[in-house]
Amino acid sequence: MTEMLAARLHIPTRELRMERVPVPEPGPGQVRVQVRAAGVCLSDVHLVDGTLSPLWLSGDSVTLGHEVAGVIDALGPGVDGWSVGQRVLLQAGEVDLLGTVLTRGVDYDGGYAEYALASATTVVPIPDGLPFEQACIIPDAVSTPWAAVTATGATRPGEAVAVWGVGGLGAHAVQLLRLVGAAPVIAIDPLDAARERAVALGADVALDPADPKLRDSVMDLTGGEGLGVAFDFAGVAPVREQALSLLGKGGRLVVVGLANKPLTIPNDLGFAYFGQSLHGHYGSQPEHVQQLVTLAGRGRLDLSTSVSDVLPLADAPAAIERLARKEGNPIRLILRP
C-alpha cells in the first residue's frame, strides 16, 4: 500500500477533507502504527471552527487526531525494544530537541488516518485485554482529569469534591475521584442527561448549577465544611465564581476547562483567611498515561461506558459535527480505520 485515507484540516479555510495521501515512512527513532482507533475530542472541534490554531505546524494542513491506539507496523532506523505487531497507544504529544511541546494532530500529523508516525519515546504498550477503542482515549480524555485530580488538585481520600461539567473530561473525573477515595463526589451540570450519567458513573449526587438551593445542598453534603477541591471542566466563566464561593478551609479550585475570560476572585478576604488557592491545569505527563494503562489493564478502571459510538474513519467530518452539536451527549466518539 502506497496511499492511505486521512482526515486533513486545511488551516487557512478550516476545511476538513478526507483525502488520499502517501503512507508515511518512519524515520530514525520513529515507529509507524497501523491505527485501530482514534478518539474525537472537543479540541478537534475547536481546530475546525477556528477557536484553536496550531502554534508550531510546518505547512498549512494537518491530519487531526491526538488520541490514538493501534499496532506497530514498521520500525525506523535505530529503534530498539519494540516489535512489529505490538499493541500500543500514543502519547498525545512530544517535546522536540529545542524543548518545544508539540501536540499530535495539531502541530504534526495525528491519527485520523490509516497509519501514523510516532517517536518511539511516545509509544506506550497496552495489554491484550484492553480494547483499542478504550485505550486510545487514555492519553487525553482520561489522563487530563487524572493529572488534575491526583497532581494539580492533590485530592486526598475522604475529601469533599465537586465537578462542574460532566462532558468528555468531567465524566472521567467523576470516576477517577471515586477511585482515589474522594467523598462525597458532587457533580454539577445544567443538563439532565449529564447529571444522570454522573450518578451512573459514581457521583454521590448530581446538582443543577441554576438551583437556588445549590449552596445549601453542598453545605449539607459536606457537613458545613465546604469543598476540599472544586474542578472546573465546563470552561464557563460563571462556574469559577460559584466554585470559589463553595470552597472550605484550604480548598482548591482547579481550572481545566478554558473560557478565555478574566478570572476573578470575588472575596479576597475569605480567600486569604481560609488559605484557599487557585490552580490552572493543562494536559498530563507521560507517567499519568502509564498509570492509567495499568489501572485499566488490571480492571481497576472501566472505560467501556466512555465509548459512545464507533464510526468509520471516512465519517470523521460527521463525527466532528456530532460532537459540536453534542448530539446524544457523547463522552467519546471513536473513529476506526
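Residues numbered from 1 in each chain as written. Predicted model: local features only at pLDDT ≥ 70, side-chain atom pairs only at ≥ 80, totals over all residues. Heavy atoms only, no water.

**Q** Residue-level account of the sheet that holds strand E11 (residues 161–164), with values.
**A** Taken together, the six strands give an open sheet; going across it, the order is E13-E12-E11-E14-E15-E16, and neighbouring strands pair in parallel fashion. Two strands bound the open sheet, and with one partner strand each, they are strand E13 (205–207) and strand E16 (277–280). Strand-to-strand twist of the sheet, defined as the mean angle between neighbouring strand axes without regard to direction, takes the value 20 degrees. When E11 meets strand E14 (residues 227–232), the two strands line up parallel, connected through four bridges. Looking at E14, one finds that Trp164 is bridged to Asp232. Sheet contacts for helix H4 (residues 170–179): E11, strand E12 (185–188) and E14; angle to E11, the most-contacted strand, approximately 165 degrees. (Pairing = 2+ DSSP bridges. Helix = DSSP H or I, 4+ residues; strand = E, 2+ residues; numbered from the N terminus. Axes fitted to C-alpha atoms, helices over the stretch in contact; angles between N-to-C directions. Contact = heavy atoms within 4.5 Å.)

**Q** I'd love a proper account of the pattern of salt bridges, names of residues and values included.
**A** Using the criterion set out here, one finds 17 salt bridges in the structure. Between Arg17 and Glu19 there is a salt bridge, with its nearest N and O atoms 3.2 Å apart. We note a salt bridge from Arg32 to Asp73, for which the minimum N-O separation is 2.6 Å. Of the two residues, Arg32 sits in strand E3 (residues 30–40) while Asp73 sits in strand E5 (residues 67–75), which places them 41 residues apart along the sequence. The class of Asp73 is partly exposed, set by a relative accessible area of 26%. (Salt bridge = Lys/Arg side-chain N within 4 Å of Asp/Glu carboxyl O. Buried < 20%, exposed > 50% of the residue type's maximum accessible area, 1.4 Å probe, protein only.)

**Q** Just give me the short version of the packing of helix H1 (residues 42–49) against helix H10 (residues 316–325), but keep the residues and values in it.
**A** Relative orientation and spacing of two packed helices are given, respectively, by the angle between their axes and the distance between those axes. Across the interface, H1 lies against H10 with an axial gap of 9 Å and an inter-helix angle of 100 degrees. Comparing their axes, H10 and H1 come out roughly perpendicular. Contact residues: Leu42, Asp44, Val45 and Val48 in H1; Ile320, Leu323 and Ala324 in H10. For the contact of H1 with H10, the per-class residue count stands at six nonpolar, no polar and one charged. (Parallel < 35°, antiparallel > 145°, perpendicular 65-115°, else oblique. Nonpolar A, V, L, I, M, F, W, Y, C, P; charged D, E, K, R; others polar.)

**Q** How would you summarise the packing of helix H3 (residues 138–152) against helix H9 (residues 286–297) if you had to cite specific residues and measurements?
**A** Where H3 meets H9, the closest approach of the two axes is 9 Å, and the angle between their N-to-C directions is 105 degrees. Between H3 and H9, the crossing angle belongs to the class labelled roughly perpendicular. Here Ile138, Pro139, Val142, Ser143, Trp146, Ala147, Thr150 and Ala151 of H3 lie close against H9, whose contacting residues are His288, Val289, Gln291, Leu292, Val293, Leu295 and Ala296. Taken together, the residues of the contact of H3 with H9 sort by class into 11 nonpolar, four polar and no charged.

**Q** Run through the environment of Thr305, naming residues and quoting values.
**A** Locating Thr305 in the fold gives a position in the loop between H9 and strand E17 (307–312). In this structure the C-alpha to C-alpha distance between Thr305 and Gln134, which are 171 residues apart in sequence, comes to 9.1 Å. Excluding residues that lie within four positions of it along the chain, Thr305 makes contacts with Leu201 and Ile331.

**Q** Pulling in residues and values, what's your account of the layout of surface pockets?
**A** Estimated volume of the second largest pocket: approximately 280 Å³. In terms of lining residues, the second largest pocket is bounded by 18 residues, among which Leu244, Ser245, Leu247, Phe274 and Gln276 are the most central. Elements with a minimum of two residues in the lining of the second largest pocket: helix H6 (214–221), helix H7 (237–244), strand E15 (247–255) and helix H8 (268–273). Element by element, the count of residues in the lining of the second largest pocket is highest for E15, at three residues. A class-by-class count of the residues in the lining of the second largest pocket yields eight nonpolar, six polar and four charged. (1 Å grid on protein atoms, 1.4 Å probe; cavity = no way out; pocket = protein on both sides within 12 Å on 5 of 7 lines; lining within 4 Å. Points joined across faces, edges and corners; volume = space filled by probe spheres on them.)

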